[in-house]
Amino acid sequence: MAGIHILPAELVNKIAAGEVIERPASVVKELIENSLDAGATFIEITIEDGGRKSISVRDNGIGMDADDLSKAFMPHATSKIAKSEDLFNIQTMGFRGEALASIAAVGRIDAISKPRDSKEPHGFSIHIEGGNYQPVKPASMPGHGTVITVQDLFYNTPARRKFLRTANTEFGHILEQFYRLTIPNCQVEFTLIHNKKPILHLPANQSLRARLSDLFGSELADNLIDLTSKEDEIIVSGLICPPHQARTSSKWQYFFVNRRFVRDKILTHALKEAYRGLAEPTRHPAAIIFLEIDPADIDVNVHPTKIEVRFRNAQKVHSQLFGALRDVLNKTASAPSIRIATTEQRSDAQIENRRESLKEALAEFFKSSRPSQPQLQRKIPQGKTIGKPYASDKTENHHGRESQASATISKTDSLANTIKQSPQYAPIDLQSIPSQKAQSEKPSPRLGLPAIQIHNSYIVVETETGLAIIDQHALHERILFEEISQRLSAGNLLSQRLLIPEIVEVSQTDKIVLAGYQDLFDRLGLEVSEFGPTSIAIHSVPVLMAERKVSPVQFLRDVIGILADAPSIDQTELLERIIATMACKAAIKSGEPLSPAEIEALLSKADEIDRSSSCPHGRPTTITVTLEELEKQFKRT
């Protein structure tokens, strides 16, 4: 029948290479790991065109003689293990003997090496192209160590090569691998060069905090908290952030088991649980965590890229890490206390200034976001408000300023047609606030009964069937989200130039990410530029953010955190996340007192937007309580 046949060695090697070498960053990872295993104290990485054209790694390790160099690129050739028992005592970065052979199968390799104890004045070189090996021959090499250069990666597998991204994207992945290998090896000096431009230089024998400062900036590194714990032969150490400094992205979380970077759900869960109740649920703590465990208690031979491990006693590891984190966090007094402000704690002048600022910001934003085509306006009957009707004489006598502001806002608060409803949102019917049509058809049962604000955070409104409790921040967040979305569908947001640019410390990865989204920043009204090797200058921010006095630095950091996840989400979701962040930052906060006019404007707008029962992050804006439920609580039924 002859249906089964043996694949040729060349095809087998290409298939194996596909498991280990995914992109240029994979090559960089494997070559640096080999240099570390060779005892190098200096490693230089030179990249061209994001690694698509050339990758070169030079080290001062023990080097190889002619015999070892001829074997090093053969399949399953390794100096790390010799028998099966060695697999359960792995103490090196590499051990499978697959990396160099996989690279040789899909690239053009030139390698030069000279042993540390060599008496020869020269080293040895080898050239490999697509798995074809040329003889080893003498080559000039001034010092000991190894230099491996890989050119034209995937040149013989065009189907793989066409999946490579832009040079900036590929270099971003290389930087991430660079971080993962340099953080746990502070004793080694590293130099990274891209397109003949020095990107990073990390001196040898740095402290962990100093290395993180060089990689991610001093603003992050200086505020991290020391973590140390030892129990049952498991050592936990590292640096973690205070709860109130958690980030919008989890990209600042690094776990190392025996100095090897790993992704592990057990460790991630322990970190998340330790911060539960201390940090905002939607934010992610920055954490650099090292675990030292007996090699016999872990299995690193799980995944071809060695990024996963299996623990013999996973529950024990989880428990110890969680306990160590909780102990440190409970002793930390750096987290700010949160207190709901009340009107009694503010002077009349402060309250009036805040109200005027809010009214001006809202009026200006709604005016600037008016659509080009006429839209239907929702008319508010004179002397009546949604949930808070007043007699006209009483309103003029006691709330003259508020009534005037309400009239100003009502003239400019027409809402544009909202953007097309995204599939993740269900149609919304705000039960607690009757529609304009319902008001015109029959008298409101709430005439003379006001809507009240409680704890400067929630608005209580009587409904036809009971009452509604509204989260003022969540509702305003939804309103702004729809306004910004509609404005963006018509053009760019208005921006306001800062009198003095704000300077933000960023990592090289952040700078690469920002450089790839200039068009998006133009749409958002955000202008940034490079300001030194590790800094970004903010020149302009969206008008709404400026009016609401949102910190430009914090806003940019949140945007960077969102963009860090951009490769895994589509452009529509990416834009929605940024808009949601803008709306959240600019919205009325919990703890802000509102005047009757402001409550009126907020509730009237809720009637005019879709999806008003939830904020952009999915939290409810309104909780309804029926009269029947109230009567049950008071034992009337």
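Preceding block: the structure.
Everything quoted here is computed from the prediction, not taken from an experiment.

> Explain unusual backbone geometry residue by residue, including any values.
Phi is positive for K196, which is not a glycine, with a value near 70 degrees. Mapped onto the fold, K196 is located in the loop between β8 (189-194) and β9 (197-202). Unlike most non-glycine residues, E233 shows phi in positive territory, near 65 degrees. Within the fold, E233 resides in the loop between β10 (225-231) and β11 (234-240).

> Which residues make up the packing of helix α2 (residues 24-37) against helix α4 (residues 99-106), and what values go with them?
The geometry of α2 relative to α4 is characterised by a closest axis approach of 10 Å and an angle of 140 degrees between their N-to-C directions. Here α4 runs oblique to α2, going by the angle between their axes. Like other packed secondary-structure pairs, α2 and α4 cross with a definite hand, here left-handed. In this structure, α2 contributes V27, E30, L31 and N34 to the contact, and α4 contributes A99, L100 and I103. Per-class residue counts for the contact of α2 with α4 are five nonpolar, one polar and one charged.

> Any chance you could break down the sheet that holds strand β21 (residues 527-530) for me, citing the residues and the numbers?
The strands making up a sheet are joined through hydrogen bonds of the backbone, oriented either antiparallel or parallel. In space, the three strands of this open sheet follow the order β20-β22-β21, with antiparallel pairing throughout. In this open sheet, the two strands that pair with only one neighbour each are β20 (495-505) and β21. Each adjacent strand pair in this sheet contributes to an overall mean axis angle of 20 degrees, direction not counted. Its contacts with the sheet place helix α19 (residues 552-564) against β20, β21 and β22 (535-542), and it is angled at close to 70 degrees to β20.

> Tell me about the side chain of Q472, and name the residues and values.
Position of Q472 among the secondary structure elements: in helix α15 (residues 472-490). Side chain to side chain, Q472 and Q453 meet in a polar contact 2.7 Å long. Among the polar contacts made by the side chain of Q472, one reaches the main-chain carbonyl oxygen of E592 at a distance of 3.0 Å. Not counting residues within four places of it along the chain, the set of residues in contact with Q472 comprises Q453, N456, S457, Y458, I459, I588, K589, S590, G591, E592, L594 and L602.

> An account of the sheet that holds strand β19 (residues 466-471) is requested, with residue identities and associated values reported.
Strand order in this open sheet of four strands is β17-β18-β19-β23, and the pairing throughout is antiparallel. Each having just a single partner strand, β17 (452-454) and β23 (622-626) make up the two edges of the open sheet. Across this sheet, the average inter-strand angle for adjacent strands is 25 degrees, counted without regard to direction. Taken together, the three bridges between β17 and strand β18 (residues 458-462) define a ladder with antiparallel strand orientation. Opposite I452, over in β18, you have V460 as the bridge partner. In the packing of α15 onto the sheet, the strands contacted are β17, β18 and β19, and the crossing angle to β19 comes to about 70 degrees. Each of β17, β18 and β19 touches helix α21 (residues 596-606); the most contacted strand, β18, lies at about 70 degrees to it.

> Tell me what's going on with α15, and back it up with residues and numbers.
Over its 19 residues, α15 extends 28 Å from the first C-alpha to the last, a length consistent with the 27 Å expected when each residue adds 1.5 Å. The buried fraction of α15 is high, at 17 of 19 residues.

> Give a description of the packing of α2 against helix α6 (residues 167-182) that names residues and reports values.
Across the interface, α2 lies against α6 with an axial gap of 8 Å and an inter-helix angle of 25 degrees. The angle between the axes of α2 and α6 places the two elements in the roughly parallel class. Judged by the sense of rotation from one axis to the other, the crossing of α2 with α6 is right-handed. For the pair formed by α2 and α6, the contact residues are P24, A25, V28, K29, I32, E33 and L36 on the first element and E170, H173, I174, Q177 and L181 on the second. By residue class, the composition of the contact of α2 with α6 is seven nonpolar, two polar and three charged.

> Give me the packing of aromatic side chains: which residues, what numbers.
Considering all chains together, one arrives at seven aromatic pairs under this definition. Ring geometry for F178 against F190: centres 5.9 Å apart, planes inclined by 80 degrees, an arrangement best described as edge-to-face. Residue F178 is located in helix α6, and its partner F190 is located in strand β8; the two are separated by 12 residues in the primary sequence. Neither F178 nor F190 differs from the other in exposure class; each is buried. A network of ring pairs unites the aromatic residues Y179, F216, Y254, F256, F261 and F290 as a single cluster. Directly above the aromatic system of Y155 lies the positively charged group of R108, at a separation of 3.8 Å from the ring centroid. A cation over a ring is seen here: R247 above W252, with NZ or CZ 4.8 Å from the ring centre.

What counts and how
Residues numbered from 1 in each chain as written. Predicted model: local features only at pLDDT ≥ 70, side-chain atom pairs only at ≥ 80, totals over all residues. Heavy atoms only, no water. Helix = DSSP H or I, 4+ residues; strand = E, 2+ residues; numbered from the N terminus. Axes fitted to C-alpha atoms, helices over the stretch in contact; angles between N-to-C directions. Parallel < 35°, antiparallel > 145°, perpendicular 65-115°, else oblique. Left-handed = near helix turned anticlockwise from the far one by under 90°. Contact = heavy atoms within 4.5 Å. Nonpolar A, V, L, I, M, F, W, Y, C, P; charged D, E, K, R; others polar. Pairing = 2+ DSSP bridges. Polar contact = N/O pair within 3.5 Å; in protein donor to acceptor, adjacent residues only side chain to side chain. Expected span 1.5 Å × (residues − 1). Buried < 20%, exposed > 50% of the residue type's maximum accessible area, 1.4 Å probe, protein only. Phe/Tyr/Trp six-rings, centres within 6.5 Å; stacked < 30°, edge-to-face > 60°. Lys NZ or Arg CZ within 6 Å of the ring centre and 35° of its normal.

Function cannot be read off these values alone, since they describe shape.
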